[in-house]
Amino acid sequence: MPITNQQVAGHAVLRQMYDDSYFPDHVVARGKAILLRLCERIEAERPADLESLYALTQAATEEFNLLDREFVAAGSEIETVAREWICDEFCFVASAYEFTEADAEELTAGRDW
């Protein structure tokens, strides 16, 4: 399903991680895919409130929890700077879909990275 939100479609997802050689591009690409799937789910399911949005972001957060193992296996990890970049992407997604009141911590509350 192609993303219809023009803000998201024109956004360079996880650009900072791609720009940093510490993070292997093939693993970053998997993180980008997680975020784009989140956008697709938001467009398909059209969450009516923050609680519904948080349910979707928690599922994506769980995927990032698993992805951290792949970063480690590739000699990297989701460390402090990457955590901030990823959380910023979750905030961008919430804002792009007009959930401007979303709590940054709540969007990725289930993270273990």
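As the structure is a prediction and not an experimental result, all values here were calculated from the model. (Residues numbered from 1 in each chain as written. Predicted model: local features only at pLDDT ≥ 70, side-chain atom pairs only at ≥ 80, totals over all residues. Heavy atoms only, no water.)

**Details of the overall build of the chain**
The following threshold applies: Each helix is a run of H or I in the DSSP string that is no shorter than four residues. Each strand is a run of E no shorter than two, and both are numbered from the N terminus. For a compact globule the rule gives 2.2 Å times the number of residues to the power 0.38, and the radius of gyration it is set against comes from C-alpha atoms. Note on exposure labels: buried denotes an accessible area under 20% of the residue type's maximum, exposed denotes more than 50%, and partly exposed covers the range between, all computed with a 1.4 Å probe on protein chains only.
Scanning the chain from N- to C-terminus turns up six helices and zero strands. For the chain, the C-alpha radius of gyration of 13 Å lies close to 13 Å, the compact-globule estimate for 113 residues. Projected onto the principal axes, the alpha-carbon positions of the chain cover approximately 40 × 25 × 20 Å. Counting over 113 residues, the chain shows a buried share of 42%.

**Examining the pattern of salt bridges**
The criterion, for reference: Between Lys or Arg on one side and Asp or Glu on the other, a salt bridge is scored when a side-chain nitrogen of the former is within 4 Å of a carboxyl oxygen of the latter.
Applying the stated criterion to the full structure yields five salt bridges. The partner of R30 in a salt bridge is E70, and the shortest N-O contact between them spans 2.6 Å. One end of the pair, R30, is in helix α3 (residues 25–45); the other, E70, is in helix α4 (residues 50–73), with 40 residues separating them in the sequence. Judged by relative accessible area, E70 falls into the partly exposed class, the value being 29%.

**Digging into α4**
Convention followed: Residue count minus one, scaled by 1.5 Å, sets the expected span of a helix. In this description, contact between two residues means that some pair of their heavy atoms is separated by no more than 4.5 Å.
Its 24 residues give α4 an end-to-end C-alpha distance of 35 Å, which sits within 8% of 34 Å, the value for a rise of 1.5 Å per residue. Tucked into the core, α4 has its buried residues touching α2 (15–19), α3, α5 (80–96) and α6 (104–107). Two residues or fewer past α4, G75 is found with a positive phi of approximately 85°.

**Some thoughts on empty space enclosed by the protein**
The line we're drawing: Grid points spaced at 1 Å over the protein atoms alone were grouped into cavities, where a 1.4 Å probe fits but cannot get out, and pockets, open sets with protein on both sides within 12 Å along at least five of seven lines, with lining residues defined by an atom within 4 Å of a point. Grid points are joined across faces, edges and corners, and a volume is the space filled by probe spheres set on the points. Classes in brief: Ala, Val, Leu, Ile, Met, Phe, Trp, Tyr, Cys and Pro nonpolar; Asp, Glu, Lys and Arg charged; the others, Gly included, polar.
All told, the structure shown has one cavity of 30 Å³ or more when counted by the stated rule. Taken as a whole, the largest cavity spans an internal volume of roughly 40 Å³. Taken together, V8, H11, V13, L35, L36, C39, E89, F92 and V93 form the lining of the largest cavity. Listed by contribution, the elements that provide at least two residues to the lining of the largest cavity are α3 and α5. Residues of the lining of the largest cavity, tallied by class, amount to seven nonpolar, one polar and one charged.

**Let's talk about the packing of aromatic side chains**
Applicable threshold: When the centres of two rings from Phe, Tyr and Trp lie within 6.5 Å, Trp using its six-membered ring, the rings pair. Their planes under 30 degrees apart give stacked, over 60 give edge-to-face, and anything left gives tilted.
Following the criterion strictly, the structure yields five aromatic pairs and no others. Between Y22 and F23, the ring centres sit 5.0 Å apart and the planes meet at 75°, which makes this aromatic pair edge-to-face. Of the residues examined, Y22 reaches a relative accessible area of 35% and is grouped as partly exposed. Taking the relative accessible area as the measure of exposure, F23 reaches 2% and is therefore buried.

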